[in-house]
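# Summary of structural features
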Amino acid sequence: MQTIKYIAMGVVRLVLGLTFLFSGVVKLIDPHGTQYKIEDYGSAFGLSAFLPDGLPLALACALAMMEFQLGIYLLLGIRRRLASTVTVIFLMVMTPLTLYLALRNPVTDCGCFGDALVLTNWQTFLKNIVLLACACLALRYYRWMPRLVTRKNQWTVALYSFAFSALFAGYNLWQLPLIDFRPYHIGADIRQAWYDDQQGSGQFQTTFIMEKDGVQQEFTLEDYPDSTWTFVDTRTVESEPAKHTGVGELIIQDASGDDITEAILADEGYTFLLVAPYLEKADDGVMGEVLALYDHCMEAGYAFYCLTASGDEAIRDWKEMTGAEYPFCTADAIVLKTMIRSNPGLMLLHDGRVVAKWPASSFPWPPQLEQQMEQEVSSVEERIAGILCWYILPMMLFLLIDAVSLAISKLKIKHTHTQTPIKTTKNMRKKIVAGNWKMNKTLQEGVALATELKDMMAAEKPNCEVIIGTPFIHLATLSELLKDSVIAVSAENCANKESGAYTGEVSAAMVKSTGAEYVILGHSERREYYHETPEILKEKVDLALANGLKVIFCIGESLAEREANQQEAVCKAELEGSVFHLSAEQWKNIVIAYEPIWAIGTGKTATAEQAEEIHAYIRRCVADVYGAQVADETSILYGGSCKASNAPELFGKPDIDGGLIGGASLKAPDFKGIIDAWK
Ligand code: PGA
């Protein structure tokens, strides 16, 4: 069952991780493409006025980087809960939006995979439904997605991925998209594509149906049979459907409004196209290069046109500002933006084929022009290999080092275990019964209860250590009251900050100053109602130990997690998250309390067998980190509806060393009944 769950969650993580990674990478390659899509959405929803210049591009980069990060986090199991929560929220927003797109069609292509993979709106909606289902599973069972990088190195991977995605987007904006997914990519025969689109021609194949001796058979021209066969009919099928590249949408008009598209595409030799969708927004820092280039082209006999979607006024302004003498032609802005992701950008055609493209940031200078015109451009495969080298190879190396160092440290621990004979037994471990008053008892009631308990313990010495965990207001008084008794005092919490402006908080140092010896940390009520995360608890544990307190650290699973048989994974994760970073020396001051959340205050106790099973597992986890000897000396308490009636059976189990008692610690006779279970 466990294996099936791991496999299922492996598939879920792959589907989600790879989809987000792909989607992020194609957007990082072409941030302008996503920017235009966001602008399309803006105008389809009448929001253009709220999208100031620069915002769509910033949103495009942020979206691409977020998707890339999410993909990496999901694939490698980094911050699994956070990553799956963000994924669920993201898809909860996108899925209804794509349903609306599918129903109303305000934008024909949602743009989720840029120009690399164009889906219809319905396909996108279905894709999102599948992803949303996977994301919900990932969130529900995030613990079943194993981490592929250790917790301590997660931040390195996350930061590296963040830096890479930012630099990669920046590179693609500064230069042109590293991989050009559009029909005007280098190498594309746009003359041919334009003609094909105009004619809408596909490939057809005709077969001949012939008959001989009452049997009919189909033949092609190549295997046409001899005259013993009689012709019956022909059949023509479209063997290859017409490919619509979109180049057919290119219509170039000269200054007098004549369509000169065909003439430009039919030009033999070299043709330079200065493509500036909007002259009024074009980068005018390249004026010098353009003029020099134009003069050079005239001398060398190359055709040169400027294509723009701007009106006469903008063209006039540009001419005045730059002294441009080259011919201006107009074309549709969307087509121009598809041709080159730079304003202006330079495209070189040779016999109707795109042979080079330059962004405004690196226009060629005439002396090197011919050399650059002839330059071989690297293939798509080479460019993909480049990305792999810059990101994946260092990452793989890092993951490998991480995995090897983890394996070595595990081996070391195993080695220590085999070297260290187990000396202690349950009888030698400290047995503890600890009360947890929670938010009960006024100061006077608390003093009365503690006095009653003190008298009882004085009359009959307990066979275990007795602790009472009380609200902060009792600590000083009870520590004083119980100073000469066998009962130790514990706080129920302490701050995760040392001192300072944290109104309402009580620091570990303050707790210690009351005379209290212990502090209960990680209780499920604090995790749930006060959102104490493993990181916060880790800080609290560190401060408590640093201030000389001993810690009763609580762990335990919810009912849903128990039903999903995740109790072991949950407990292990909680230990790893907050206490397994401690040194063996510090560990001596840790007591573990296993408290299944479903048993706390509910009257439902875990059976003694259930409790023993998980206690033994917890001890094994401790042994894996600190060795068998330390594990055998660690007291592990059970908590959750523990009472005088069930305590003897629970405490009789080999790995249960006492209890953390809530409700039954509020009355002295009940609490005493549990303490007596050790007799
Ligand atoms: P309970 O509480 O004994 O009332 O179930 C135990 C605890 O929360 O520590």
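These figures come from a predicted structure and were not determined experimentally. (Residues numbered from 1 in each chain as written. Predicted model: local features only at pLDDT ≥ 70, side-chain atom pairs only at ≥ 80, totals over all residues. Heavy atoms only, no water.)

### A short note on the overall build of the chain
Tallying secondary structure elements over the chain gives 25 helices and 16 strands in all. Principal-axis analysis of the C-alpha atoms places the extent of the chain at approximately 115 × 85 × 50 Å. Expressed as a percentage of the 679 residues in the chain, the buried residues total 48%. Of the contacts made within the chain by residues no fewer than 6 positions apart, 74% connect residues no fewer than 24 positions apart. (Helix = DSSP H or I, 4+ residues; strand = E, 2+ residues; numbered from the N terminus. Buried < 20%, exposed > 50% of the residue type's maximum accessible area, 1.4 Å probe, protein only. Contact = heavy atoms within 4.5 Å.)

### Here's the deal with the domain arrangement of the chain
In terms of domains, the chain is made up of domain 1 (2–174), domain 2 (201–240), domain 3 (261–376) and domain 4 (421–678). Computed over C-alpha atoms only, the centres of domain 1 and domain 2 are separated by 51 Å. (Domains from an automatic or database assignment.)

### Here's the deal with the site of the ligand
Around the ligand lies a shell of 13 residues, among which Lys438, His523, Glu595, Gly601 and Ser641 are the nearest. Between Gly662 and the ligand, the recorded distance is 2.9 Å, taken from a backbone N or O atom to an oxygen atom. One of the backbone N or O atoms of Gly663 is found 2.8 Å from an oxygen atom in the ligand. Out of a free accessible area of 280 Å², the ligand has 95% covered by protein chains. Partitioned by chemical class, the residues of the shell around the ligand number four nonpolar, seven polar and two charged. (Near = heavy atom within 4 Å. Polar contact = N/O pair within 3.5 Å; in protein donor to acceptor, adjacent residues only side chain to side chain. Areas by Shrake-Rupley, 256 points an atom, 1.4 Å probe, with all protein chains shown as cover. Nonpolar A, V, L, I, M, F, W, Y, C, P; charged D, E, K, R; others polar.)

### Comments concerning the confidence of the model for the chain
Per-residue pLDDT for the chain averages 90, and the proportion of residues at 70 or more is 96%. Counting contacts from residues 419–424, a segment whose pLDDT is below 50, to residues more than four positions away or on other chains yields eight contacts. (pLDDT = per-residue confidence, 0-100.)

### With respect to the packing of helix α20 (residues 567–578) against helix α22 (residues 608–626)
Axis separation between α20 and α22 bottoms out at 10 Å; the angle between their running directions is 40°. Classified by the angle their axes make, α20 and α22 are oblique. Handedness of the α20/α22 crossing: right-handed. Contacts from Gln567, Glu568, Cys571, Lys572 and Leu575 in α20 reach Ile614, Tyr617, Ile618 and Cys621 in α22. (Axes fitted to C-alpha atoms, helices over the stretch in contact; angles between N-to-C directions. Parallel < 35°, antiparallel > 145°, perpendicular 65-115°, else oblique. Left-handed = near helix turned anticlockwise from the far one by under 90°.)

### Things to note about helix α18 (residues 534–546)
Given 3.6 residues to a turn, an α-helix orients residues that are three or four positions apart in the same direction. Taking 1.5 Å of rise per residue, 13 residues should cover 18 Å, and α18 covers 18 Å from first to last C-alpha, within 8% of that figure. For α18, the complete set of buried residues consists of Leu537, Lys540, Val541, Leu543, Ala544 and Leu545. (Expected span 1.5 Å × (residues − 1).)

### Some points on the sheet that holds strand β11 (residues 487–491)
Read around the barrel, eight strands follow the order β9-β10-β11-β12-β13-β14-β15-β16 and close on themselves; strand pairing throughout is parallel. Looking at each pair of strands side by side, their axes are set apart by 25° on average, direction ignored. As paired strands, strand β9 (residues 432–436) and strand β16 (residues 658–661) are joined by four bridges and run parallel to one another. Considered in β16, the bridge of Ala434 is made with Leu660. (Pairing = 2+ DSSP bridges.)

### What about the pairing of strand β12 (residues 518–521)?
On β12, burial covers both faces: Tyr518 and Ile520 on one face and Val519 and Leu521 on the other are all buried. One ladder, built from two bridges, connects β11 with β12; its direction is parallel. Within β12, the residue paired with Ala491 across the bridge is Val519. At this point the chain moves from β11, through helix α16 (residues 508–513), to the parallel β12, and the crossover so formed is right-handed. (Right-handed = clockwise from strand over helix to strand, strands pointing away.)

### Comments concerning the sheet that holds strand β5 (residues 303–308)
Read across the open sheet, the five strands follow the order β6-β5-β4-β7-β8; overall the sheet is mixed. Every interior strand has two partners, whereas the edge strands, β6 (328–330) and β8 (353–359), have only one. Ignoring which end each strand starts from, the neighbouring axes of this sheet average 25° apart. Two strands pair when backbone bridges link them, and strand β4 (residues 270–276) and β5 are joined in this way by six bridges, in the parallel orientation. Counterpart to Leu273 in the pairing with β5 is Tyr305. Contacts from helix α9 (residues 287–300) reach β4, β5 and β7 (345–350) within the one sheet, and its direction differs from that of β5 by about 140°.

### A short note on the environment of Thr605
Residue position: Thr605 is located in the loop between β14 (590–594) and α22. Thr605 sits in the partly exposed class, given a relative accessible area of 25%. Residues Thr605 and Glu289, spaced 316 residues apart in sequence, show a C-alpha to C-alpha distance of 82 Å. The residues touching Thr605, leaving out its near neighbours within four places in the chain, are Trp598, Ala599, Tyr638, Gly640, Ser641, Lys643, Asn646 and Leu650. Within the structure, Thr605 has its side chain in polar contact with the side chain of Asn646 (distance 3.2 Å).

### Points about the packing of aromatic side chains
In the structure shown here, the tally under the stated rule is 26 aromatic pairs. Where Trp122 meets Phe125, the ring centres are 5.9 Å apart and the plane angle is 80°; that geometry is what we call edge-to-face. Taken together, the residues span about one helical turn, with Trp122 and Phe125 both in helix α5 (residues 121–140) at a distance of three residues. Overall, the relative accessible area of 13% leaves Phe125 in the buried class. (Phe/Tyr/Trp six-rings, centres within 6.5 Å; stacked < 30°, edge-to-face > 60°.)

### Some words on a negative patch on the surface
On the surface, a cluster of negative charge is contributed by Glu280, Asp312, Glu313, Asp317 and Glu320. Checked against the element boundaries, Asp312 lands in helix α10 (residues 312–322). The exposure class of Asp312 is exposed, given its relative accessible area of 63%. (Patch = residues over 30% accessible without salt bridge, like charges linked within 9 Å, V, L, I, M, F, W, Y side chains within 5 Å. Salt bridge = Lys/Arg side-chain N within 4 Å of Asp/Glu carboxyl O. Lys, Arg positive; Asp, Glu negative; His and termini not counted. Charge placed at Lys NZ, Arg CZ, Asp CG, Glu CD.)

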